[in-house]
Amino acid sequence: IVNANANIKELTIRNCVGGGLVVLDTNEVEEIEEIRSTILKSDVNMATSSAIATKGWNEITLGEDVEITNCVKKGEYNISGAGAKFVSNTANAVVNFDGASITNCSTENGYGAGVYFASNAANSNVIFNMKSGTISNNTAKHDGAGVYVKGTFIMDGGTISGNSAEMGAGVYRE
């Protein structure tokens, strides 16, 4: 999906090479409203993309029924975000994690195997808001196997457990 708002429901993605869902733009997408009923089950090594990779939006919600499992990213450089990688071009981007499940994802040489979230904007204050759902059994070579966020992390519900990394196995906030 390029240069468009997206409201994605009841989407199944399996065994993809290069990633499951990639949303890119050049600062023109204002909001990706919701991703629901998305299932990505793959043992395929995704070197260049993630199960869900986004760029250039203000707010995104991963609602209930979003399931991302068994995603692997390999590479000799810092390959991050096997499950979901959110990189915004806006300073105040928000990811709402509300009922989704990200499990058994790994990065061979990276950060945030379950979720990686950052902004390219100067003076950014991105917010990862976990309301409910599960982020579990993810493995990262470096930091934040469950969640790696370059910004604010808020957890009002849900479960983060069984993740493994050098530092901040559950959550690493930079």
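In this text, all values refer to a predicted model and were calculated from it rather than measured experimentally.

Reading guide: rules and limits
- Residues numbered from 1 in each chain as written.
- Predicted model: local features only at pLDDT ≥ 70, side-chain atom pairs only at ≥ 80, totals over all residues.
- Heavy atoms only, no water.
- Helix = DSSP H or I, 4+ residues; strand = E, 2+ residues; numbered from the N terminus.
- Buried < 20%, exposed > 50% of the residue type's maximum accessible area, 1.4 Å probe, protein only.
- Contact = heavy atoms within 4.5 Å.
- Core = buried A, V, L, I, M, F, W, Y, C linked by side-chain atoms within 4.5 Å.
- Disulfide = S-S within 2.5 Å.

When you line up the elements, threonine 103 lands in strand β11 (residues 94-103). Since its relative accessible area comes to 12%, threonine 103 is described here as buried. Setting aside residues no more than four positions away along its own chain, threonine 103 makes contact with Ile68, Thr69, Asn70, Ser136 and Asn138.

On to the nonpolar core. Counting 23 residues, the largest nonpolar core has Phe86, Phe117, Phe128 and Ile135 as the members making the most contacts within it. Put simply, the parts of the chain that give this core at least two residues each are β7 (59-62), β10 (84-88), β11, β13 (115-119), β14 (126-136) and β16 (147-149). Ignoring sequence-local partners within four residues, the contact set of phenylalanine 128 consists of Val95, Phe97, Val115, Phe117, Ile135, Val147, Val149, Thr152, Phe153 and Ile154.

Attention now goes to the state of the cysteines. Counted by the stated rule, this structure contains zero disulfides. Here cysteine 71 stays unpaired: no disulfide links it, and the sulfur of cysteine 105, its closest cysteine neighbor, is 4.2 Å away. Taking relative accessible area as the criterion, cysteine 71 reaches 0% and is therefore assigned buried.

Looking now at unusual backbone geometry. Excluding glycine, residues mostly have negative phi values, and the peptide bonds linking residues are mostly trans. For asparagine 70, which is not glycine, the phi dihedral falls at a positive 55°. As for its position among the elements, asparagine 70 is in the loop between β8 (67-69) and β9 (72-73). Exposure remark for asparagine 70: the relative accessible area of 28% places this residue in the partly exposed category. Even without being a glycine, asparagine 137 presents a positive backbone phi close to 55°. Position of asparagine 137 among the secondary structure elements: in the loop between β14 and β15 (139-140).

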